[in-house]
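The residues making up each chain are set out below.
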Amino acid sequence: MNIGEIARRAGVSRSTVSYALSGKRPVSEDTRRKIQHVIDELGYRPNASARALANGRTNTIGLVFPPAGNHYTGMQLDFIGSVVEAAAAQDYDVLLSPSGVDSDRSFQRMLGERRVDGAILMEIRLEDDRVDHLAALDFPSVAIGRSAHPEGTWWVGLDHTALAAACVHHLADLGHRRVAFVNRPEQLLRTGYESAHRGLDGFTKAAAERGLTVRTYCCGDDAASGQACLEQILHDDPATTALVTLNEAALGGLYRGLTQAGRHVPRDFSVTGVVAGRWAETVTPQLTAADVPAEEMGRRAVDLLVERLDHPDAPPRHHLLTPPISLRASTGPGPGPGLPSSIESR
């Protein structure tokens, strides 16, 4: 079935059918209804490639998510799912591109062949060549995360600096004086992963402000690494009574390490951090945390990209989210005042 057959059955020209489908030129309501009746009767669906040629749009969004480690974390999958669902709600398909400029086959093919109308970028680095590349091409894009200099770009971000600081203040208010910070893998810090850097910055500044004794650790994105990290924390400073984490993939291992060390949560040791709400609720006791609103961020990113596609001359817009800490069951009173602040990294 094609446009020619629809035109023949509706008694109109091929161009009239094309205009009715693309909306490029006005078609009388009577003619449009006649064409729509034939389309409904035949169950016609226009070929995506032909539609793209006709109206210059593919109705497809590219989602670029270079792997940040050996596997995708639950939060990464939450973001991917949220973008796909939000795009479908606006009648857009999503083309996944697990690559970037550094490994450019999929990424460059997506751009060079105009397979998508615009792109959403994940796993943003402070200095991100993908953001710079798309800006140089004037290709419509939105980032989930923000680079070191986000001015003039479209993005949706989480204020990891403020959230990590809020976790520190929560623990300090409870009386904890010796606190550890469990970050993402060292490789991500080396490559400039923005949330890891901004979270570390927020933690260290808040700890200094409250006069805490703290150590910071990088940790692999898995439970075994979390357990090993917790063992190292207690080895380095057995008097540690709390930790803040950005690493939800290691959360189960952190809890297991505390159990094996005979530390009860929250009676003997408090745990908090910045993780997705559904993951915070999978551990026992449930994690007091600043919940990452992955669904909202994915929806906002799609909304911004569609806005940018519909209004190419619109000025850049962004959303910086700072969700409150959700008090659950993993934090409790600390031992009270301790030593002056010091900061050590591993």
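Small disclaimer: the values here were computed from a predicted structure and weren't measured.

### Structural notes on unusual backbone geometry
Then step 1. A cis amide bond links Val 265 to the next residue, Pro 266, at an omega of 5 degrees.
Then step 2. You can see Pro 266 is positioned in the loop between helix H12 (251-260) and strand S9 (270-276).
Then step 3. Note that the residue after Thr 284, namely Pro 285, is joined by a cis bond; omega there is -5 degrees.
Then step 4. Topologically, Pro 285 is positioned in the loop between helix H13 (277-280) and strand S10 (288-292).
Then step 5. Even without a glycine there, the phi angle at Asn 59 is positive, about 55 degrees.
Then step 6. By the secondary structure assignment, Asn 59 is in the loop between helix H4 (48-55) and strand S1 (60-64).
Then step 7. The residue Glu 123 is not glycine, and still its phi comes out positive at about 55 degrees.
Then step 8. As for its placement among the helices and strands, Glu 123 is situated in the loop between strand S3 (118-121) and helix H7 (129-137).
Then step 9. Taking the relative accessible area as the measure of exposure, Glu 123 reaches 10% and is therefore buried.

### Re the nonpolar core
Then step 1. Counting residues in each nonpolar core, the largest one holds 47 residues, and the members touching the most others are Phe 79, Ile 120, Ile 144, Val 179, Phe 203, Val 274 and Met 297.
Then step 2. The element contributing the most residues to this core is helix H14 (residues 294-310), with 8 residues.
Then step 3. With residues near it in sequence (within four places) discarded, Ile 120 still touches Ile 61, Gly 62, Leu 63, Val 64, Val 83, Val 142, Ile 144, Ala 301, Val 302 and Leu 305.
Then step 4. Membership of the second largest hydrophobic core comes to 22 residues, among which are Tyr 217, Cys 219, Cys 229 and Val 275.

### Considering the pattern of salt bridges
Then step 1. According to the stated counting rule, one finds 21 salt bridges in the structure shown.
Then step 2. Residue Arg 9 is joined to Glu 5 by a salt bridge in which the shortest nitrogen-to-oxygen separation is 2.7 Å. Taken together, the positions of Arg 9 and Glu 5, both in helix H1 (residues 3-10) and 4 residues apart, correspond to about one turn of that helix.
Then step 3. Residue class for Arg 9 comes out partly exposed when judged on its relative accessible area of 44%.
Then step 4. Among the salt bridges present, the one from Asp 221 reaches Arg 184, with a minimum N-O distance of 2.8 Å. In this pair, Asp 221 sits in the loop between strand S7 (213-218) and helix H11 (223-236) while Arg 184 sits in the loop between strand S6 (178-183) and helix H9 (186-190), placing the two residues 37 residues apart along the sequence.
Then step 5. Under the relative-accessibility criterion, Asp 221 is labelled buried at 7%.
Then step 6. Taking the relative accessible area as the measure of exposure, Arg 184 reaches 8% and is therefore buried.

### Some words on H11
Then step 1. For H11, which comprises 14 residues, the first-to-last C-alpha distance of 20 Å matches the rise-based estimate of 20 Å (1.5 Å per residue) to within 8%.
Then step 2. In this structure, the buried residues of H11 make contact with S6, S7, strand S8 (242-245) and H12.
Then step 3. A distance of 3.2 Å separates the backbone nitrogen of Ala 224 from a side-chain oxygen at the start of H11, and that oxygen is part of Asp 222.

### Focus: the side chain of Asp 291
Then step 1. Tracing the chain through its elements places Asp 291 in strand S10.
Then step 2. We classify Asp 291 as buried; its relative accessible area is 16%.
Then step 3. Side chain to side chain, Asp 291 and Ser 326 meet in a polar contact 3.0 Å long.
Then step 4. Residue contacts for Asp 291: discarding those within four places in its chain leaves Val 275, Gly 277, Ala 280, Pro 323, Pro 324, Ser 326 and Arg 328.

### A short note on the packing of H1 against helix H3 (residues 29-42)
Then step 1. It is at 9 Å that the axes of H1 and H3 come closest, and there the two elements cross at 120 degrees. One finds that H1 runs oblique with respect to H3. Two packed elements cross with a definite hand, and for H1 against H3 that hand is right-handed. For the pair formed by H1 and H3, the contact residues are Ile 6, Arg 9 and Ala 10 on the first element and Lys 34, Ile 35, Val 38, Ile 39 and Leu 42 on the second.
Then step 2. By residue class, the composition of the contact of H1 with H3 is 6 nonpolar, no polar and 2 charged.

### Examining the packing of helix H8 (residues 160-173) against helix H10 (residues 194-210)
Then step 1. Across the interface, H8 lies against H10 with an axial gap of 7 Å and an inter-helix angle of 35 degrees. Seen along the crossing, H8 lies across H10 with a hand that is right-handed. Residue-level inspection shows His 160, Thr 161, Ala 164, Ala 165, Val 168, His 169, Ala 172 and Asp 173 of H8 in contact with H10, the latter providing Ser 195, Arg 198, Gly 199, Asp 201, Gly 202, Phe 203, Ala 206, Ala 207, Glu 209 and Arg 210.
Then step 2. Broken down by class, the residue content of the contact of H8 with H10 amounts to 7 nonpolar, 6 polar and 5 charged.

### Thoughts on the confidence of the model for the protein chain
Then step 1. Across the protein chain, pLDDT averages 88, with 88% of residues at or above 70.
Then step 2. Contacts from residues 338-346, a stretch scored under 50 in pLDDT, to residues over four places away or in other chains number 27 contacts.

Definitions and cut-offs
- Residues numbered from 1 in each chain as written.
- Predicted model: local features only at pLDDT ≥ 70, side-chain atom pairs only at ≥ 80, totals over all residues.
- Heavy atoms only, no water.
- Helix = DSSP H or I, 4+ residues; strand = E, 2+ residues; numbered from the N terminus.
- Buried < 20%, exposed > 50% of the residue type's maximum accessible area, 1.4 Å probe, protein only.
- Core = buried A, V, L, I, M, F, W, Y, C linked by side-chain atoms within 4.5 Å.
- Contact = heavy atoms within 4.5 Å.
- Salt bridge = Lys/Arg side-chain N within 4 Å of Asp/Glu carboxyl O.
- Expected span 1.5 Å × (residues − 1).
- Polar contact = N/O pair within 3.5 Å; in protein donor to acceptor, adjacent residues only side chain to side chain.
- Axes fitted to C-alpha atoms, helices over the stretch in contact; angles between N-to-C directions.
- Parallel < 35°, antiparallel > 145°, perpendicular 65-115°, else oblique.
- Left-handed = near helix turned anticlockwise from the far one by under 90°.
- Nonpolar A, V, L, I, M, F, W, Y, C, P; charged D, E, K, R; others polar.
- pLDDT = per-residue confidence, 0-100.

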